[in-house]
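A structural walkthrough
One letter stands for each residue in the lines below.
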Amino acid sequence: MSILPGTLHSAHDGAWQVAEHGCQVLAWQADDKPVIWFDTEHADESEAVIRGGIPLCAPWFGHGPNNDQDPQHGLARRTDFEVTVAAPFRVVGVAETASIGIRHEVVMTNAALEMTLTLTNHDQKPRLVEGMWHTYLRVGDAAQARVRGVRGASWHNFATGGKGFCDADELAMVPDTDTVIQGVGPALALLDPAWGRQIHLETTSCPSAVVWNPRSSLANVANPTTQAWRDFVCVETGVCKDNAVVLSPGGNLTMSTRISVEAL
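What counts, and where the lines are drawn
Residues numbered from 1 in each chain as written. Predicted model: local features only at pLDDT ≥ 70, side-chain atom pairs only at ≥ 80, totals over all residues. Heavy atoms only, no water. Pairing = 2+ DSSP bridges. Helix = DSSP H or I, 4+ residues; strand = E, 2+ residues; numbered from the N terminus. Axes fitted to C-alpha atoms, helices over the stretch in contact; angles between N-to-C directions. Buried < 20%, exposed > 50% of the residue type's maximum accessible area, 1.4 Å probe, protein only.

On to the sheet that holds strand E24 (residues 252-263), then. Pairing within the open sheet is antiparallel, and its 9 strands lie in the order E7-E8-E9-E10-E24-E20-E19-E14-E17. Bordering the open sheet on either side are strand E7 (82-86) and strand E17 (170-172), each of which pairs with just one other strand. Shown here is a sheet whose adjacent strand axes are inclined to one another by a mean of 15°, direction ignored. Of the strand pairs in this sheet, strand E8 (residues 90-97) and strand E9 (residues 100-108) are connected by 8 bridges, and their pairing is antiparallel. Opposite Arg90, over in E9, you have Val107 as the bridge partner.

All right, on to the pairing of strand E21 (residues 208-213) then. Of all 6 residues in E21, 6 are buried, a share of seventy percent or more. A two-sided burial pattern is seen for E21, the buried positions comprising Ser208, Val210 and Trp212 on one face and Ala209, Val211 and Asn213 on the other. Of the pairings in the sheet, the one linking strand E18 (residues 177-182) to E21 comprises 6 bridges and is antiparallel in character. Of the residues in E21, the one forming a bridge with Val180 is Val210. In the sheet, E21 pairs with strand E22 (residues 232-239) via 5 bridges, with the strands oriented antiparallel. Pairing of Val210 across the sheet is with Glu236, part of E22.

Shown next as structure tokens:
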């Protein structure tokens, strides 16, 4: 088992977990099945990055809206947050990266996992920022999974280069799915027929979504994430790329995502 950096906060015998490193959610479940995918045997994705869970991508996503930022997916997931914990299980982490203040609040109950992210510009000039929850959702079989709630939004699959608009309300999980969806509404759902459930994602101020799974139609070098492709679907929420936000000096951006589970 990999050794995680920093302190781990947990409840319900480890069924709920948040790491101080990246203020990253690692586990939450409301019944007998996990909702978040986390690979405890291969937790080290790369230097200072935890594999799986809900990495926090900020103050940029990918390599930034202009594709000129490093490291990939920002500095937040590589940063040790100052964390306070309160009852019921409420974890608040704060950090400063590249003159952008980050506050991440995580609240876990039996009914829902709620996350609120606030980015504050501490620079003396306007800053273009992005913020995304790179959420790995555990499923019984990703090949059967579908994401609902995308009708009318635009999409760009970065694995295939395809672009267009969503005529249907559901996106099937097929090989080479790495799709940025812009203009989504506040209610998405991941349908998980293999486990007879749907995972709801209710958001505020999150016009962007990314749907990703490492299943590929091409031969590639296998790693623990690609080998586990059937076990999860990433449904990422927040603001990114075309929806990146310019913050004036002292300006704030706040967004939230609430995750809950319902039987199909």
